[in-house]
Amino acid sequence: MHHITPLSSVSTDLAKRLKVLRARIAAANIPSSKLDETFNLASWNIREFGKVARQQPAIHFIAEILGQFDLISVVELRDNLKDLARVLQVLGPYWRAVYSDALPDAGGNQERIAFIYDKRMVAFNGMASAVFAARTKKGTEWIPDFNWWRPPYMASFRAGNFDLVLITTHIRWGDSEAGREPELRALAQWVSKRARLLQKGVAAWAENDIFVTGDFNIPSRNSPLFKALTGEGLQIPTALLQDNFGTSLDRDKRYDQILHLPHYPQNFTNQGGVLDFYGGDHSPLFPELDKQKFTFQMSDHLPLWIQVNTDVDEKQLDQLIQAREG
């Protein structure tokens, strides 16, 4: 972490607040990742990141949080990328970002999706794209069967000898919960169809696990919205199955999710949860702000994280033997 550089001015007060944040981070018990063995994946909705310039403390706090992980999917990144650049500067020279274009209309809310990663642990494999809905030919035109308000964004990464495709979305809030269901169902169906192509070896990125992350605006796992999202086979890693935490600041709503369709089913450690930077009281970090204003400096969502096993040599050897002797 590069909090103190020739280009930054860290006051004594900010240093003390960083110590408070680090204590809250330590309480999350996030294990260290190990090169070629594990990496830490997170999903974070950073509220309207780029709409209003963050204060300098917020830039340092956001960088400190992101730096606990190796690959982070970020939603609500806005069209203005200046604050993202400031955060990357604090993170240091090994950090990179891949992001979508901003949607310029009111439905898209001028939002982007970004993947932020430490290149020492995770390599970008070169594929990044919006998720395109299936199309049907009508006359001479090919018309999408469905349209997301904010199209999911995906990219391919490699950690050790483990390849993955990370798909991230920010599902509409809309006028009702029922209005979100078609988007969730369409995403689940898209992932399922692409997984079948992977199994047949005809997809361009075969042999990859699929991870789906983001803000799904699902209030709980008992909601019909959750059933729509997981009805085609997407699973929650075991470490995130407990119901005693949420990703809202009050930890009572699990709007954010990390799900997967595994090529190697045992590729998770039993480590995962939320990083609670709020801790029930924002004032030690921003004593001059009320809670509402605090959320526009940090966020109204907590990062959700999971540790992933990347050493799949043993599983690959078992599959080779089974294929040749089975």
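Look a little higher up for the structure.
Residues numbered from 1 in each chain as written. Predicted model: local features only at pLDDT ≥ 70, side-chain atom pairs only at ≥ 80, totals over all residues. Heavy atoms only, no water.

Some details on helix H2 (residues 56–66)
An α-helical turn contains 3.6 residues, so any two residues separated by three or four positions project in the same direction. The element H2 is largely enclosed, with a buried count of 10 among its 11 residues. Listing the buried residues of H2 in full gives Pro57, Ala58, Ile59, His60, Phe61, Ile62, Ala63, Glu64, Ile65 and Leu66. (Buried < 20%, exposed > 50% of the residue type's maximum accessible area, 1.4 Å probe, protein only. Helix = DSSP H or I, 4+ residues; strand = E, 2+ residues; numbered from the N terminus.)

Concerning the packing of H2 against helix H3 (residues 82–91)
Put simply, H2 and H3 touch, their axes get as near as 9 Å, and they point 60° apart. It follows from the interaxial angle that H2 and H3 lie oblique. Helix-helix and strand crossings are classified by hand; for H2 and H3 the assignment is right-handed. For the pair H2 and H3, the contacting residues are Gln56, Ile59, His60, Ile62, Ala63 and Leu66 in the first and Asp83, Arg86, Val87, Val90 and Leu91 in the second. The residue inventory of the contact of H2 with H3, partitioned by class, reads 7 nonpolar, 2 polar and 2 charged. (Axes fitted to C-alpha atoms, helices over the stretch in contact; angles between N-to-C directions. Parallel < 35°, antiparallel > 145°, perpendicular 65-115°, else oblique. Left-handed = near helix turned anticlockwise from the far one by under 90°. Contact = heavy atoms within 4.5 Å. Nonpolar A, V, L, I, M, F, W, Y, C, P; charged D, E, K, R; others polar.)

As for the environment of Thr295
Inspection of the secondary structure assignment puts Thr295 in helix H6 (residues 291–297). Here the alpha-carbon distance between Thr295 and Ile46, two residues 249 residues apart in the chain, equals 8.8 Å. With near-sequence residues (within four places) excluded, Thr295 lies in contact with Arg47, Arg54, Leu249 and Asp300. Among the polar contacts made by the side chain of Thr295, one reaches the side chain of Arg47 at a distance of 2.8 Å. (Polar contact = N/O pair within 3.5 Å; in protein donor to acceptor, adjacent residues only side chain to side chain.)

Examining the nonpolar core
Counting 92 residues, the largest nonpolar core has Leu71, Ile167 and Phe277 as the members making the most contacts within it. Top contributing element to this core by residue count: H2, with 7 residues. With residues near it in sequence (within four places) discarded, Leu71 still touches Phe39, Asn40, Leu41, Ala42, Phe115, Ile116, Tyr117, Val122, Phe157, Leu164 and Leu166. (Core = buried A, V, L, I, M, F, W, Y, C linked by side-chain atoms within 4.5 Å.)

With respect to unusual backbone geometry
For Glu76, which is not a glycine, the phi torsion comes out positive at approximately 70°. As for its position among the elements, Glu76 is in strand E2 (residues 71–78). Owing to a relative accessible area of 11%, Glu76 belongs among the buried residues under this scheme. Within the chain, Arg251 stands out as a residue other than glycine whose phi angle is a positive 60°. Mapping Arg251 onto the fold places it in the loop between helix H5 (224–230) and strand E11 (256–261).

Some points on the packing of aromatic side chains
Here a ring pair, both rings aromatic, is described through the centre-centre distance and the interplanar angle of the planes. Evaluation of the coordinates by the stated rule reveals 12 aromatic pairs. Aromatic side chains Tyr117 and Phe157 sit 5.5 Å apart centroid to centroid with 65° between the ring planes, which places their arrangement in the edge-to-face category. Here the residue Tyr117 occupies a position in strand E4 (residues 111–118), and Phe157 occupies one in strand E8 (residues 153–159), the gap between them amounting to 40 residues. Both residues of the pair, Tyr117 and Phe157, belong to the buried class. Each ring, one from Phe277 and one from Phe294, has its centre 6.3 Å from the other, and the planes form 50°; the classification is tilted. Taken together, the residues span a long stretch of sequence, with Phe277 in the loop between strand E12 (268–274) and H6 and Phe294 in helix H6 at a distance of 17 residues. (Phe/Tyr/Trp six-rings, centres within 6.5 Å; stacked < 30°, edge-to-face > 60°.)

Some points on the pattern of salt bridges
On inspection of all chains with the given rule, the structure shows 15 salt bridges. For Glu183, the salt bridge identified is with Arg172, shortest N-O distance 3.2 Å. Of this pair, Glu183 sits in helix H4 (residues 181–200) while Arg172 sits in the loop between strand E9 (162–170) and H4, placing them 11 residues apart in sequence. Just as Glu183 is buried, Arg172 falls in that class too. (Salt bridge = Lys/Arg side-chain N within 4 Å of Asp/Glu carboxyl O.)

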